[in-house]
Amino acid sequence: MTDGYQQGFATQDQELSGVSLQVNGLLPSWLQGTLVRNGPAKFEVGEHGLRHWFDGLAMLHSFTIEAGCVQYVNKFIDSPSYRYAQEHGRLGYSEFATDPCRSIFKRVATLFRPKFGINTSVSVSKLADQFVAWTEMPHPIEFDPQSLRTIGVVDFADDLKLHTATPHPHLEPTTGDTINVSLRFGATSAYVVYKMPANSSRRQLVASMPVREPAYMHSFALTDAYVVLAEYPLVVNPRRLLLSGKPFAENLQWQPERGTQFLVIRKADGALVGRYRCPAFFCFHHVNAFEHGDELIVDLIAYPDANVIQALYLDVLREPRADGVVHPPNELRRYHVPLSGGAVWHETLADEWLELPRVNYERCHMRPYRFVYGTGLSKQRRDDFSNQLVKIDVEQRTATAWYEPGCYPGEPVFVPAPHAVEEDEGVVLSVVLDARHNTSFLLVLDGRTFSEVARAAAPHRIPFGFHGEFFAG
Ligand SMILES: [Fe+2]
């Protein structure tokens, strides 16, 4: 372990509550609410290290902003995985790329009894009136947004049998429904699209599409009329998954000859409108999508293959390759999917490495838009972990960056100003690891200029997280 970005992959087991942070700069008076962030914070259980960044046990961090002051709370999520690890001093359930020694019987039980092995370390959202944390399992975990205390695994009032779900559910703006995509494994496996009305805990089936070897999908896209799945050729054989004795990640097979297919599903009746094939690529994060005449525009962060998953194993991240490259290359791409036929094509929207992309969701989701915010990689320091924040103008094809040596910012969350006229009128919030001082801070950037407005010093180092949300208060 060095004193650089690797600090972001070291365990932080100090839990704090109600800590007032010192603020440098002036927070906008309209900025009232709580930024809740999710991510792994414990990378060893007993004597055993977890293997992959995605496997670390989940911790929530909250920054409550009120009247120019910031209060901080952090707490482990008391998930079945965390509870078992605390009580037994060893890992009890299979994570993405780490598997305890278990019998085939227990493996089957893990897959088909969804309360097992839920380590919700990826994202947070508001689901009906509940604040929940997600991973790639179908059931999120509810938490109290003030204390961050775990309330419990969410039980849905339906009998949908699902085995995964993306940690990036979407909100349907016209109805307030939550829409998500799941896998169901079985004799006949399927991609399942469901929706959950805002005032209900009952998921409703939108579409179910049989698939022999499902693809790993971390997110998906919505447009006014359609749900869009990008089916990468990174597939899992369900039978082998059950019997292989290996964790999920090691059952994924890259089969580029399949290409990548956009599956376009009509929301109104769940019908598969079409499959639209293009050369193979892989992606974790869709950025936005919308309809343009007879074409779907699908913006996403594309990798040439799935090697990025290998690059995120903790031993690789902690001891980078000899050539110093930490991040496999990626591109912000705009895919054009012609619904009435013709070839799928894409253009590159930015000459920037980009991840953890965010847009002004309330205003721009499913609409033409101009700005994407993300973590980036400075051209001066390509041999580094993501070390800057970027704002991409997808119309002008330009980029603006925030960079500070020795600092490693996390996902930028855009918060619109009240009564904003311009799309980028607001602030961008990011939790930054300051490797120079073995600590972290909350950074507040002006959305328009991308210059610093304020920062609030956290009381300790916060490991790299994945996603968060700002809940206006
Ligand atoms: Fe994600």
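Note that this is a predicted model, so its numbers are computed, not measured.

Can you walk me through the overall build of the chain in this structure?
When its secondary structure is counted, the chain shows six helices and 35 strands. The C-alpha radius of gyration of the chain comes to 21 Å, within 12% of the 23 Å expected for a compact globule of 473 residues. Projected onto its principal axes, the C-alpha positions of the chain cover 55 × 55 × 50 Å. Counting only residues that meet the buried cut, the chain has 47% of its 473 residues in that class. Considering only residue pairs separated by 6 or more positions, the chain has 57% of its internal contacts joining residues 24 or more positions apart.

Looking at this structure, how should I read the confidence of the model for the chain?
Low pLDDT means the predicted atomic positions in that stretch should not be read closely. Per-residue pLDDT for the chain has a mean of 93; in total, 95% of the residues score no lower than 70. Counted against residues more than four places away or in other chains, residues 112–116, with its pLDDT under 50, gives 11 contacts.

Where do I start with the sheet that holds strand β24 (residues 331–338) in this structure?
Adjacent strands of a sheet form backbone hydrogen bonds with each other and so pair up, either parallel or antiparallel. Judged by pairing direction, the sheet is antiparallel, and its four strands sit side by side in the order β22-β23-β24-β25 without closing on themselves. Looking at the sheet topology across the chains shown, the edges are occupied by β22 (286–292) and β25 (345–348). Between one strand and the next, the sheet's axes are offset by a mean angle of 20 degrees, whatever the strand orientation. Note: β24 against β25, four bridges, orientation antiparallel. Bridge pairing links R334 to E347 in β25.

Is there a simple way to think about the environment of V390 in this case?
Mapped onto the secondary structure, V390 falls in strand β28 (residues 388–393). Classification of V390 as buried rests on a count of 27 C-beta atoms within 10 Å.

Just to check I follow, could you spell out unusual backbone geometry for this structure?
For residues besides glycine, phi is generally negative; the peptide bonds are generally trans as well. For A128, which is not a glycine, the phi torsion comes out positive at approximately 55 degrees. Among the secondary structure elements, A128 is positioned in the loop between β8 (123–127) and β9 (130–134). Judged by local crowding, A128 falls into the partly exposed class, with 15 C-beta atoms found within 10 Å. Within the chain, N438 stands out as a residue other than glycine whose phi angle is a positive 50 degrees. Mapped onto the secondary structure, N438 falls in the loop between β32 (426–434) and β33 (439–446).

Sorry, what's going on with the environment of F248 here?
Take F248: it is sitting in the loop between α3 (238–243) and β19 (252–254). By the C-beta count within 10 Å, which is 20 here, F248 ends up buried. As a C-alpha pair, F248 and L445 span 197 residues in sequence and 38 Å in three-dimensional space. Apart from the residues lying within four places of it in its own chain, the contact partners of F248 are S94 and F96.

Whenever I open this one, the pairing of strand β6 (residues 57–66) confuses me. Can you help?
Along any regular strand the residues' side chains alternate between the sheet's two faces. For β6, the buried fraction is high: nine of the 10 residues fall into the buried class. Two elements, strand β3 (residues 33–42) and β6, share nine bridges in a ladder whose sense is antiparallel. Residue pairing in the sheet places R37 in a bridge with H61 of β6. Of the pairings in the sheet, the one linking β6 to strand β7 (residues 69–76) comprises eight bridges and is antiparallel in character. Bridge pairing in β7 links I65 to V70. What sits between the antiparallel neighbours β6 and β7 is a turn of two residues, in which A67 has the positive phi angle 50 degrees.

What is the right way to read the sheet that holds strand β17 (residues 226–231) from this model?
Read from one edge of the open sheet, four strands run β16-β17-β20-β21, paired in antiparallel fashion. Both outer strands of the open sheet, β16 (221–222) and β21 (272–278), are each paired with one neighbouring strand and no more. Sheet topology places β17 next to strand β20 (residues 260–266); six bridges connect them, and they run antiparallel. Paired with L229 across the strands is L263, a residue of β20.

Mind showing me how you'd approach helix α1 (residues 80–88) here?
Because an α-helix completes one turn every 3.6 residues, residues spaced three or four positions apart along the sequence face the same direction. Turning to α1, its buried residues are S81, Y82 and A85. For α1, the angular spread of buried residues about the axis comes to 95 degrees, placing them on one side. Structural note: α1 exposes E87 and H88 on the side pointing more than 90 degrees away from its buried face. Where α1 is buried, its residues contact β4 (44–45), β6 and β7. Of the residues trailing α1, G89 is marked for its positive phi of about 70 degrees.

Sorry if this is basic, but what is going on with the environment of S81 here?
You can see S81 is positioned in helix α1. Among the residues examined, S81 registers 26 C-beta atoms within 10 Å and is labelled buried.

Conventions adopted
Residues numbered from 1 in each chain as written. Predicted model: local features only at pLDDT ≥ 70, side-chain atom pairs only at ≥ 80, totals over all residues. Helix = DSSP H or I, 4+ residues; strand = E, 2+ residues; numbered from the N terminus. Rg over C-alpha atoms; globule rule 2.2 N^0.38 Å. Buried ≥ 20, exposed ≤ 12 C-beta atoms within 10 Å, placed from the backbone. Contact = placed C-beta atoms within 7 Å. pLDDT = per-residue confidence, 0-100. Pairing = 2+ DSSP bridges. Axes fitted to C-alpha atoms, helices over the stretch in contact; angles between N-to-C directions. Arc of directions from axis to C-beta.

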